[in-house]
Amino acid sequence: MRYQLDALIIDHKQLADFEFELTLKAPQIAKDSLPGQFVQILYDQSYNPFTRRPFSVYKVNPHMGTFSIVYLARGVFTQGLRNKRPGETLSIVGPLGNFFRPSTDPEAVHILVAGGVGAPPLYFHALQMVDEGHDPESIYVINGARTRDMLVGIEEFEQLPVNTIFTTDDGSYGQKGIVTGPLLDILDQTTKPVQVYTCGPTPMLRAVGDLCNSRKVSCQVSVETVMPCGVGVCMGCVVKIKIDPDAEPAYLRSCYEGPVFNAEQVIWE
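Residues numbered from 1 in each chain as written. Predicted model: local features only at pLDDT ≥ 70, side-chain atom pairs only at ≥ 80, totals over all residues. Heavy atoms only, no water.

1. A look at the overall build of the protein
Okay, step 1: Helix and strand counts for the protein stand at six helices and 16 strands.
Okay, step 2: For 269 residues, the compact-globule formula gives about 18 Å, and the C-alpha radius of gyration of the protein, at 18 Å, lands near that figure.
Okay, step 3: Projected onto its principal axes, the C-alpha coordinates of the protein cover approximately 55 × 45 × 35 Å.
Okay, step 4: Going through the 269 residues of the protein one by one, you find that 50% of them count as buried. (Helix = DSSP H or I, 4+ residues; strand = E, 2+ residues; numbered from the N terminus. Rg over C-alpha atoms; globule rule 2.2 N^0.38 Å. Buried < 20%, exposed > 50% of the residue type's maximum accessible area, 1.4 Å probe, protein only.)

Right under this line is the structure:
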């Protein structure tokens, strides 16, 4: 079910230099959101900004009727969002898109690979899997960024009873290197069936997807694209997908058929 509503800002806090968490009162969205879904936000009713922007759902509290997003205040839109205060409202549409689907194999190893602001939906996913009774020892989270300041959700991930690995390009936190390093290590060390879930910058998604495809490992990727409308009307967020090996590729809407696709079907351009 999709809703359009004015959500009250409950809390708005700074997590790092440019990183903020925004908590909103929206019982319908808090109740219905699933990991991987997103909301479209408009912070001003004027023509600036002209369109809504997508933000992944980070945390939900159905009992309190709240959900939160995480964003980096680095552009015009997010700088404007940064100025919003508790007690004000934001126009929200959501929850939108499809969602991550955990493997139903009880022996499966689940590997969640996050990059930068791709971490929020994977935190939501890890938390829900634990709540649903998946063995925490079977869940691995690899959370990477260029530097420590760009890692999202360090504290939250470390509080989960799962296996957590952090990587930074410069070695300022966790392992020095990129996320495919520990991913390869885990794939080499396990003989169990594996399901990978990933969200982050497109080059990272491609690298993770290519690695999984080469190992014939199932991988769900949540793509990052511009979504002008978020409801499948404008066709501004299409992704080239190979649905049938014997047919021409299709162009599917990341806001509607996605944003989560099977890595083996995505044609990276």
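Additional details are given in the paragraphs that follow.
2. What to know about a nonpolar patch on the surface
Okay, step 1: Side chains of Met235, Val238 and Tyr251 sit close together on the surface and give an oily, nonpolar patch of about 280 Å² of accessible area.
Okay, step 2: Relative to the helices and strands, tyrosine 251 is located in strand β15 (residues 250–253). (Patch = residues over 30% accessible without salt bridge, like charges linked within 9 Å, V, L, I, M, F, W, Y side chains within 5 Å. Areas by Shrake-Rupley, 256 points an atom, 1.4 Å probe, with all protein chains shown as cover. Salt bridge = Lys/Arg side-chain N within 4 Å of Asp/Glu carboxyl O.)

3. Quick notes on the pattern of salt bridges
Note on pairing: side chains with opposite charge can pair once their charged atoms come close.
Okay, step 1: Evaluation of the coordinates by the stated rule reveals eight salt bridges.
Okay, step 2: In this structure, glutamate 21 engages lysine 59 in a salt bridge whose closest nitrogen and oxygen atoms are separated by 3.6 Å. Of this pair, glutamate 21 sits in strand β2 (residues 19–25) while lysine 59 is found in strand β5 (residues 59–61), placing the two residues 38 residues apart along the sequence.
Okay, step 3: A relative accessible area of 24% means that lysine 59 is categorised as partly exposed.
Okay, step 4: One salt bridge in this structure joins arginine 215 and aspartate 188, with 2.8 Å as the shortest N-O distance. Of the two residues, arginine 215 sits in the loop between α6 (202–214) and β13 (218–222) while aspartate 188 sits in helix α5 (residues 180–189), which places them 27 residues apart along the sequence.

4. Structural notes on the layout of surface pockets
Okay, step 1: Taken as a whole, the largest pocket holds about 1100 Å³ of empty space.
Okay, step 2: In terms of lining, the largest pocket is formed by 41 residues, of which the most central are Gly115, Val117, Gly118, Pro201 and Glu224.
Okay, step 3: At the level of elements, β4 (53–56), β6 (66–72), α2 (76–82), β9 (139–145) and α6 are the ones that each hand at least two residues to the lining of the largest pocket.
Okay, step 4: When residues in the lining of the largest pocket are grouped by element, the largest group, four residues, is from β4. (1 Å grid on protein atoms, 1.4 Å probe; cavity = no way out; pocket = protein on both sides within 12 Å on 5 of 7 lines; lining within 4 Å. Points joined across faces, edges and corners; volume = space filled by probe spheres on them.)

5. Regarding the environment of methionine 64
Okay, step 1: Note on placement: methionine 64 falls in the loop between β5 and β6.
Okay, step 2: Looking at methionine 64, the relative accessible area reads 51%, which means it is exposed.
Okay, step 3: Between the C-alpha atoms of methionine 64 and arginine 52, which are twelve residues apart in sequence, the distance is 26 Å.

6. Some words on the environment of phenylalanine 18
Okay, step 1: Along the chain, the position of phenylalanine 18 falls in the loop between β1 (3–14) and β2.
Okay, step 2: Between the C-alpha atoms of phenylalanine 18 and lysine 242, which are 224 residues apart in sequence, the distance is 37 Å.
Okay, step 3: With residues near it in sequence (within four places) discarded, phenylalanine 18 still touches Tyr71, Leu72, Ala73 and Arg74. (Contact = heavy atoms within 4.5 Å.)

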